[in-house]
Amino acid sequence: MQNFSYHNPVQIVFGANTIAQLAHLIPQQQRILLTYGQGSIHRNGVYAQVKKALPPHTVLEFSGLEANPRYETCLKAVELCRREKVDFILAVGGGSVLDGSKFIAAATLFEGDPWAIPTRQAVVERALPLGCVLTLPATGSEMNGFSVISRDEIQEKHGFGSPHLYPRFAILDPCTTYSLEQRQVANGIVDTFVHVTEQYITQPAQAPLQDRQAEAILATLLEEAVKVQAMPQDYGVRANLMWCATQGLNGLIGCGVPQDWATHLIGHELTALYGLDHGQSLAVVLPGVWQFNMQRKQAKLCQYARRVLQLSGVDGTELAGAAIAYTESFFRSLGVKTRLSEYGIGTDAPDRVAQRLQARQVRLGEEANLGGEEIAAILKMRL
Ligand code: NZQ
Ligand code: ZN
């Protein structure tokens, strides 16, 4: 196992009717900015619950954060925070609202060009404190210090992180997720699944505990995904999906093990250029990354095939291939398409994406074996 340092300061408040606890969680006498998205929280009653729970001191609002939150929109909230001397941000929504709010929290106290933050040319050394009420299980943003921001005018999407960006608390009420469209539920399951595999389908690292923690999340997702389609109003199923998502990217399963993240970084380019949902982009790219890295990842693919998918067979390319095929059909069973052509994306996409990543001199994968040529080859397998 590799050396690691792990610190997670997020207070989790989980369960039905927990939004009311906001009253005790938000520091008193502070100027709060309530941030949210395009209006789902008005339609499903979450906004009303939040307003009822907030203490009767100054609460400002900023709405309109988009899915894949836009830099340009976040900057308007930064202006508001500075002008109104906001002390605390309360983000209410999915991963995009949380991520946008993290960027706003950092940019408000940042001197210089804020684009340096998502492009990682600047380290975030301080940020306004924030808390969140999560309404879409997927990203794990509620219990990590990461954020992903998109800048439309140059079609770029970048992730960044800082210990200063962990939420102070996260309220996870599974009832808030009943109103999700099936597409978002499916995207969330794919996203969680791929967060886990980015930290698990690598090379064996003498980390049996982390392996089994990852396998537990994957096996639970496979079971609950079937149930949520049959019983979308079942509290237990929604609760399990929510807790899986939080556990998938709160850092724990990644302690001391190699991590891949190639699928995510290639996927971000597909979202930036072609507008795919985050979950859709991952469902397209993941089978290609695995197929291309079949030899390097074979031992873990076979372990996954046996322990999670319950496939039988001798370790080798056949069993690893069966695991890849199974995973792709799992995504398809959720209604998520897995080919570029199914999203109307043309044959020039592989080279276009590869050139962008190559221009930034990135090398992807846990062994940094993927440069421009390899990334193009992966995407050509996904046309
Ligand atoms: O904007 P509103 O009206 O709230 O609608 C949203 C949005 O249209 C809607 N929604 C959210 N909760 C709902 C709901 N609709 C009905 N009922 C509810 N309870 O769902 C739509 C999608 O929301 P969004 O927040 O964009 O989805 P998600 O949580 O999947 O977040 C995706 C973003 O997170 C980033 C992605 O790149 C993408 O930008 N990620 C963040 C990570 C992190 N911070 O650690 C890691 C991830 O890998 C990911 O990259
Ligand atoms: Zn993700």
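Residues numbered from 1 in each chain as written. Chains lettered and ligands numbered in written order. Predicted model: local features only at pLDDT ≥ 70, side-chain atom pairs only at ≥ 80, totals over all residues. Heavy atoms only, no water.

> How do you make sense of the pattern of salt bridges when you look at a structure like this?
Any two side chains of opposite charge can pair, on the condition that their charged atoms come close. Tallied over the entire structure, the rule returns 20 salt bridges. Residues Asp152 and Arg70 are paired through a salt bridge, measuring 3.0 Å at the closest nitrogen-oxygen approach. Taken as a pair, Asp152 in the loop between strand E6 (146–151) and strand E7 (156–161) and Arg70 in the loop between strand E3 (59–62) and helix H4 (71–84) lie far apart in primary sequence, 82 residues in all. For the salt bridge of Arg356 with Glu269, the shortest nitrogen-to-oxygen distance reads 2.8 Å. Separated by 87 residues along the polypeptide, Arg356 in helix H13 (residues 349–359) and Glu269 in helix H9 (residues 262–274) bring together distant segments of the chain. As far as burial versus exposure is concerned, Arg356 and Glu269 are alike and both buried. (Salt bridge = Lys/Arg side-chain N within 4 Å of Asp/Glu carboxyl O. Helix = DSSP H or I, 4+ residues; strand = E, 2+ residues; numbered from the N terminus. Buried < 20%, exposed > 50% of the residue type's maximum accessible area, 1.4 Å probe, protein only.)

> What's the story with the domain arrangement of the chain in this structure? I'm lost.
Where the parts come together, the accessible area they lose is often given as the size of the interface. Domain assignment breaks the chain into domain 1 (11–176) and domain 2 (182–381). The C-alpha-based centres of domain 1 and domain 2 are spaced at 26 Å. Contacts between the two partners involve 25 residues from domain 1, matched on the other side by 24 residues from domain 2. Interface area, domain 1 with domain 2, both sides summed: about 2000 Å², of which 63% is carbon and sulfur. Summed over the three residues of domain 1 that lose the most area to domain 2, namely Gln155, Lys157 and Pro174, the buried surface amounts to 29% of that side. Across the domain 1-domain 2 interface, the total number found is zero salt bridges. Where domain 1 packs against domain 2, one counts five residue pairs in polar contact (both at pLDDT 80 or more). (Domains from an automatic or database assignment. Contact = heavy atoms within 4.5 Å. Buried area = accessible area lost by both parts, 1.4 Å probe. Polar contact = N/O pair within 3.5 Å; in protein donor to acceptor, adjacent residues only side chain to side chain.)

> Would you mind going over the nonpolar core with me for this structure?
Nonpolar side chains in soluble globular proteins tend to end up buried together. Ile189, Ile266, Tyr304 and Ile375 are the most contacted members of the largest nonpolar core, which totals 62 residues. Once residues lying within four places of it in the same chain are set aside, the contact partners of Ile189 are Leu221, Ala225, Val228, Leu241, Phe330 and Leu334. Core analysis: the next-biggest nonpolar cluster, separate from the first, contains 40 residues, Ala91, Ala105, Ala122 and Met143 among them. (Core = buried A, V, L, I, M, F, W, Y, C linked by side-chain atoms within 4.5 Å.)

> Would you explain the packing of aromatic side chains in this entry?
Each aromatic ring pair is specified by the distance between its two centres and by the angle formed by the two planes. Per the counting criterion, the structure on display carries eleven aromatic pairs. Between Phe14 and Trp243 the ring centres are 5.8 Å apart and the planes differ by 70°, which places this aromatic pair in the edge-to-face class. Of this pair, Phe14 sits in strand E1 (residues 11–14) while Trp243 sits in helix H8 (residues 235–248), and the two are 229 residues apart along the sequence. Overall, Phe14 belongs to the partly exposed group, its relative accessible area being 32%. On the accessibility criterion, Trp243 (36% relative accessible area) is partly exposed. On the basis of an interplanar angle of 45° and a centroid distance of 5.3 Å, the ring pair of Phe193 and Phe330 is categorised as tilted. (Phe/Tyr/Trp six-rings, centres within 6.5 Å; stacked < 30°, edge-to-face > 60°.)

> Could you clarify how one ought to interpret the coordination of the zinc ion (ligand 2) in this entry?
For a metal bound by four donors in a tetrahedral arrangement, the ideal donor-metal-donor angle is 109.5 degrees, while six donors in an octahedral arrangement ideally sit at 90 or 180 degrees. Bound to the zinc ion (ligand 2) on the protein side are Asp191 (OD), His195 (NE2), His264 (NE2) and His278 (NE2), at distances that span 1.9 to 2.2 Å. In the primary structure, the donors to the zinc ion (ligand 2) are separated according to the pattern D-x3-H-x68-H-x13-H. Here the residue His195 occupies a position in helix H6 (residues 182–198), and His264 occupies one in helix H9, the gap between them amounting to 69 residues. Residue class for His264 comes out buried when judged on its relative accessible area of 7%. (Donors = N, O, S within 2.8 Å, 3.2 Å for Na, K, Ca; no water.)

> Mind showing me how you'd approach the packing of helix H7 (residues 208–230) against helix H11 (residues 294–307) here?
Helix-helix packing is characterised by the crossing angle of the two axes and by the distance between the axes. Running from N to C, H7 and H11 point in directions that differ by 50°, and their axes come no closer than 11 Å. It follows that H7 is oblique to H11 by the angle criterion. Considering how the two elements wind past one another, H7 and H11 form a crossing that is right-handed. Along the contact surface, H7 presents Asp211, Arg212, Glu215 and Leu218, while H11 presents Lys300, Gln303, Tyr304 and Arg307. For the contact of H7 with H11, the per-class residue count stands at two nonpolar, one polar and five charged. (Axes fitted to C-alpha atoms, helices over the stretch in contact; angles between N-to-C directions. Parallel < 35°, antiparallel > 145°, perpendicular 65-115°, else oblique. Left-handed = near helix turned anticlockwise from the far one by under 90°. Nonpolar A, V, L, I, M, F, W, Y, C, P; charged D, E, K, R; others polar.)

> Looking at this structure, I do not really get H7. What am I missing?
Given 3.6 residues per helical turn, the α-helix brings residues three or four places apart onto the same face. For H7, with 23 residues, the first-to-last C-alpha span of 34 Å sits near the 33 Å given by 1.5 Å per residue. On its buried side, H7 packs onto H6, H8, H11 and helix H12 (317–333). (Expected span 1.5 Å × (residues − 1).)

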